Amino acid sequence: MHKSGLVLEGGGIRGAYTAGALSWLMDQGLTLDYGVGVSSGAAYLALYMLGRKDVLYKMATDYTIRDEIVGLKAFRAEKHYVAYKRLFSHYLKEVEKVDVTPLRALGSRFEVGVYNLGLGYTEYYNGTAMNEEMDLVRASCALPIASSVVEVDGKRFLDGGITKMIPIERAVEVGCDRCLVITTKPKDYIRKPASKILEMMMKVNYRECPQVAKDYHIRHENYYKQIQLIRQMEEEGKALQIYPTRTIQVSRFKGDAEKCKELFALGYQDMEKRKEEIYAFVGKKND
């Protein structure tokens, strides 16, 4: 028996691509045995697992790019460049009435990666650990420097993408031998080492956890290890990577509504173009 896994990279605003790809999966009624995501990939995975296609679109093309969420207004409200607390507590919980109960029922079929500042490495939490505010999902999105540390049950967390940008290793670790991997970077993307300034900021801001700066120093190396594993699995017929087929100019933090809609549409279109391949890979016939 095969165990299929859905593996989602982060990418901030670029996650609109992932949202579009997941929307296609929902329209096709395709489900996999397991899903794992980090950063924005964790947020979109949660909405996909909850069946909230409507919120997937709003999150990708509206909420995440509002001035009160990213920029000066966000800084005034939360003392950080990105106001993830408002995004989750106001827009997802209050406005969209997102209910986490189904996530808890999924148990180990749903996992998000978070960086534990106390331990100095990325660990994974499944659906049973989710509270009403989805704090662990917010923690997975908590970009270093740009957003606040998230505390859950006395533990302090940041973005799981500090070490696991594409959590393919976790999917393999839990027994997945067929992984549908959705990345927000082109296939030939070149990740450069972190700047000296950023590394210094990490050392100063997280002095109680010196491992963070060390992990950021080799972040690009970890990324290429994950890409190499995906390539190897593709050659063995154990992985299928979906990635943007053209460049749409948005950054991790900034993107206007039209560009985000374009990126969402690209995610949907790229999945549709590879429909037969995806159906064959996940073992479902195209009726």
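Relevant structure appears above.
Residues numbered from 1 in each chain as written. Predicted model: local features only at pLDDT ≥ 70, side-chain atom pairs only at ≥ 80, totals over all residues. Heavy atoms only, no water.

A.B. asks: Explain the overall build of the protein chain here, please?
C.D. replies: Looking only at helices and strands, one finds 13 helices and eight strands in the protein chain. For 287 residues, the compact-globule formula gives about 19 Å, and the C-alpha radius of gyration of the protein chain, at 18 Å, lands near that figure. Based on the C-alpha atoms only, the size of the protein chain along its principal axes is roughly 55 × 40 × 35 Å. Here the protein chain holds 287 residues, and the buried ones make up 55% of them. Across the protein chain, every contact between residues at least 6 apart in sequence was considered, and the portion connecting residues at least 24 apart equals 73%. Of the accessible surface of the protein chain, which amounts to about 12,700 Å², a share of 52% is contributed by carbon and sulfur atoms. Between the averaged position of the 43 positive side-chain charges in the protein chain and that of its 38 negative side-chain charges there is a distance of 3 Å. (Helix = DSSP H or I, 4+ residues; strand = E, 2+ residues; numbered from the N terminus. Rg over C-alpha atoms; globule rule 2.2 N^0.38 Å. Buried < 20%, exposed > 50% of the residue type's maximum accessible area, 1.4 Å probe, protein only. Contact = heavy atoms within 4.5 Å. Areas by Shrake-Rupley, 256 points an atom, 1.4 Å probe, with all protein chains shown as cover. Lys, Arg positive; Asp, Glu negative; His and termini not counted. Charge placed at Lys NZ, Arg CZ, Asp CG, Glu CD.)

A.B. asks: Explain the environment of Lys 185 to me, please; I cannot follow it from the model alone.
C.D. replies: Looking at the secondary structure, you find Lys 185 in the loop between strand S7 (178-182) and helix H9 (196-205). Looking at Lys 185, the relative accessible area reads 3%, which means it is buried. As a C-alpha pair, Lys 185 and Gly 15 span 170 residues in sequence and 9.7 Å in three-dimensional space. Each residue touching Lys 185, except ones within four places of it in the same chain, is listed here: Glu 9, Gly 10, Gly 11, Arg 14, Arg 191, Tyr 223, Tyr 243 and Pro 244. For Lys 185, the side chain forms a polar contact with the side chain of Thr 184, separated by 3.4 Å. (Polar contact = N/O pair within 3.5 Å; in protein donor to acceptor, adjacent residues only side chain to side chain.)

A.B. asks: Would you mind going over the environment of Gly 255 with me for this structure?
C.D. replies: Structurally, Gly 255 is set in the loop between strand S8 (239-242) and helix H12 (257-273). Accessibility expressed as a relative area gives 18% for Gly 255, which makes it buried. The contact partners of Gly 255, leaving out residues within four places of it in the chain, are Ile 13, Ile 65, Val 250 and Cys 260.

A.B. asks: How should the pattern of salt bridges be read in this particular structure?
C.D. replies: Any two side chains of opposite charge can pair, so long as their charged atoms come close to each other. Enumeration over the complete set of coordinates arrives at 19 salt bridges. Residue Arg 52 is joined to Glu 96 by a salt bridge in which the shortest nitrogen-to-oxygen separation is 3.6 Å. Remark: Glu 96 occurs in the loop between helix H5 (84-95) and helix H6 (101-106) and Arg 52 occurs in the loop between helix H2 (40-49) and helix H3 (53-61); sequence separation between them is 44 residues. The same class applies to Arg 52 and to Glu 96, which are both buried. The residue Glu 96 makes a salt bridge to Lys 58 at a minimum N-O spacing of 3.2 Å. Of this pair, Glu 96 sits in the loop between H5 and H6 while Lys 58 sits in helix H3, and the two are 38 residues apart along the sequence. (Salt bridge = Lys/Arg side-chain N within 4 Å of Asp/Glu carboxyl O.)

A.B. asks: How should I be thinking about the packing of aromatic side chains in this particular structure?
C.D. replies: Any two aromatic rings considered together are summarised by their centre-to-centre distance and by the angle between their planes. In this structure the tally under the stated criterion is six aromatic pairs. Note on Tyr 63 and Tyr 91: the rings are 4.5 Å apart at their centroids and 25° apart in plane angle, and the pair reads as stacked. Taken together, the positions of Tyr 63 in the loop between H3 and helix H4 (72-78) and Tyr 91 in helix H5 put the pair 28 residues apart, joining distant regions of the chain. Both residues of the pair, Tyr 63 and Tyr 91, belong to the buried class. Joined through ring pairs, the aromatic side chains of Tyr 189, Tyr 223 and Tyr 224 make up one cluster. (Phe/Tyr/Trp six-rings, centres within 6.5 Å; stacked < 30°, edge-to-face > 60°.)

A.B. asks: Explain the environment of Leu 240 here, please?
C.D. replies: With respect to the helices and strands, the residue Leu 240 is situated in strand S8. Through-space distance from the C-alpha of Leu 240 to that of Arg 178 is 8.0 Å; in sequence the pair is 62 residues apart.

A.B. asks: Please explain the state of the cysteines as it appears in this structure.
C.D. replies: When the sulfur atoms of two cysteines share a covalent bond, that bond is a disulfide. If you walk through the whole model with that rule in mind, you get zero disulfides. Sulfur of Cys 179: no disulfide; nearest cysteine sulfur belongs to Cys 176 and is 5.0 Å away. Assessed through its relative accessible area of 0%, Cys 179 is described here as buried. (Disulfide = S-S within 2.5 Å.)

A.B. asks: It is not clear to me how the packing of helix H1 (residues 16-28) against H3 should be interpreted in this structure. Could you clarify?
C.D. replies: Pairs of packed helices are described in terms of their axes, by the angle between the two and the distance that separates them. Direction vectors running N to C along H1 and H3 enclose 165°, while the axes themselves pass 9 Å from each other. Taken as axis vectors, H1 and H3 run roughly antiparallel relative to one another. Note on packing geometry: the crossing formed by H1 with H3 is left-handed. Two secondary-structure elements touch here, H1 through Ala 16, Ala 19, Leu 22, Ser 23, Met 26 and Asp 27 and H3 through Lys 53, Leu 56 and Ala 60. Residue classes in the contact of H1 with H3 are distributed as six nonpolar, one polar and two charged. (Axes fitted to C-alpha atoms, helices over the stretch in contact; angles between N-to-C directions. Parallel < 35°, antiparallel > 145°, perpendicular 65-115°, else oblique. Left-handed = near helix turned anticlockwise from the far one by under 90°. Nonpolar A, V, L, I, M, F, W, Y, C, P; charged D, E, K, R; others polar.)

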